[in-house]
Amino acid sequence: MALVLDEDSPLPETAGDVEDLVRRLRGHISQLGVVAPPGAPALVAAQQLASASVPEGHMSSRVHLVKLAEATQALVTTVRTHGGASSTTLPRRRRWWKPRINVVRGSVFAVAIGCLVLAASLPRT
């Protein structure tokens, strides 16, 4: 949204730039639609703009892009004010701790040293 709505942000130069920004905003709208209250006016308006194709022409495509960014911003505001989906309503996924590679290497080294010390301390027969 900042790439489109900031005053210091220049308008996209090519049609490819417009398409890229529209694709990003559509992605934001689809992600926000999951946590937005169902049937919220901001959600409906943003989804309608997102489903529309980008108009042909330099000015009309930029105007559509700005409208889409403003609709996304309104949807963000709606999600923030209504709280979106709270953490209690969404199931929490268990995240297992994933050790870093150096932790694994150090553990293997410690076990190997322990085995060597144990083998050296056993009586020989």
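**Comments concerning the overall build of the protein**
Here is step 1: Looking only at helices and strands, the protein has five helices and zero strands in total.
Here is step 2: Taken from the N to the C terminus, the helices and strands of the protein come in the order α-α-α-α-α.
Here is step 3: Out of the 125 residues in the protein, the part that is buried amounts to 22%.
Here is step 4: For the protein, the proportion of contacts with a sequence separation of at least 24, taken over those separated by at least 6, is 68%.
Here is step 5: Counting only carbon and sulfur atoms, one obtains 59% of the accessible surface of the protein, whose full area is about 9,700 Å².

**Focus: the nonpolar core**
Here is step 1: One finds V22, I29, L65, L68 and L75 to be the most contacted residues of the largest nonpolar core, which totals 21 residues.
Here is step 2: Of all elements in the fold, only α2 (15-35), α3 (41-51) and α4 (58-82) reach the threshold of two or more residues within this core.
Here is step 3: Ranked by residue count, the leading element in this core is α4, at seven residues.

**Points about the pattern of salt bridges**
Here is step 1: In the structure shown here, the tally under the stated rule is two salt bridges.
Here is step 2: One salt bridge connects R24 with D20, and the closest N-O pair in it is separated by 3.9 Å. One end of the pair is R24 and the other is D20, both in helix α2 and four residues apart, which spans about a single turn.
Here is step 3: Classification of R24 by relative accessible area gives partly exposed; the value is 44%.
Here is step 4: Each of D20, R23 and R24 takes part in salt bridges that share partners, so that together they form one network.

**Describing the side chain of T78**
Here is step 1: Position of T78 relative to the elements: it lies in helix α4.
Here is step 2: Residue classification places T78 among the buried residues on the basis of a relative accessible area of 14%.
Here is step 3: The residues touching T78, leaving out its near neighbours within four places in the chain, are P37, A40 and A42.

**What to know about the confidence of the model for the protein**
Reading fine detail from the predicted coordinates is not recommended where pLDDT is low.
Here is step 1: Of the residues in the protein, 88% have a pLDDT of 70 or more, and the chain-wide mean is 83.
Here is step 2: The secondary structure element of the protein with the lowest average pLDDT is helix α1 (residues 2-5), at 66, and the one with the highest is helix α5 (residues 101-121), at 93.

**Quick notes on a nonpolar patch on the surface**
Here is step 1: A surface patch of nonpolar side chains, amounting to about 420 Å² of accessible area, comprises F109, I113, L116 and V117.
Here is step 2: Topologically, V117 is positioned in helix α5.
Here is step 3: The exposure class of V117 is exposed, given its relative accessible area of 52%.

**Here we look at the side chain of H64**
Here is step 1: On the secondary structure map, H64 appears in helix α4.
Here is step 2: Sequence-distant contacts of H64, that is, excluding residues within four places in its chain, are made with L49, A52, S53, V54 and P55.

**Structural notes on α4**
Here is step 1: Under the 1.5 Å per step criterion, the end-to-end length of α4 is 37 Å for 25 residues, consistent within 8% with the ideal 36 Å.
Here is step 2: Looking at α4, one finds that the buried residues are S61, R62, H64, L65, L68, A69, A71, T72, L75, V76, T78 and V79.

**Looking at the packing of α3 against α4**
Here is step 1: Relative orientation of the contacting elements α3 and α4 amounts to 150°, with a least axis distance of 9 Å. Between α3 and α4, the interaxial angle falls into the category roughly antiparallel. By crossing handedness, the relation of α3 to α4 is classed as left-handed. For the pair α3 and α4, the contacting residues are A42, L43, A46, L49 and A50 in the first and H64, K67, L68, A71, A74, L75 and T78 in the second.
Here is step 2: The residue makeup of the contact of α3 with α4, split by class, is nine nonpolar, two polar and one charged.

Reading the values: rules and limits
Residues numbered from 1 in each chain as written. Predicted model: local features only at pLDDT ≥ 70, side-chain atom pairs only at ≥ 80, totals over all residues. Heavy atoms only, no water. Helix = DSSP H or I, 4+ residues; strand = E, 2+ residues; numbered from the N terminus. Buried < 20%, exposed > 50% of the residue type's maximum accessible area, 1.4 Å probe, protein only. Contact = heavy atoms within 4.5 Å. Areas by Shrake-Rupley, 256 points an atom, 1.4 Å probe, with all protein chains shown as cover. Core = buried A, V, L, I, M, F, W, Y, C linked by side-chain atoms within 4.5 Å. Salt bridge = Lys/Arg side-chain N within 4 Å of Asp/Glu carboxyl O. pLDDT = per-residue confidence, 0-100. Patch = residues over 30% accessible without salt bridge, like charges linked within 9 Å, V, L, I, M, F, W, Y side chains within 5 Å. Expected span 1.5 Å × (residues − 1). Axes fitted to C-alpha atoms, helices over the stretch in contact; angles between N-to-C directions. Parallel < 35°, antiparallel > 145°, perpendicular 65-115°, else oblique. Left-handed = near helix turned anticlockwise from the far one by under 90°. Nonpolar A, V, L, I, M, F, W, Y, C, P; charged D, E, K, R; others polar.

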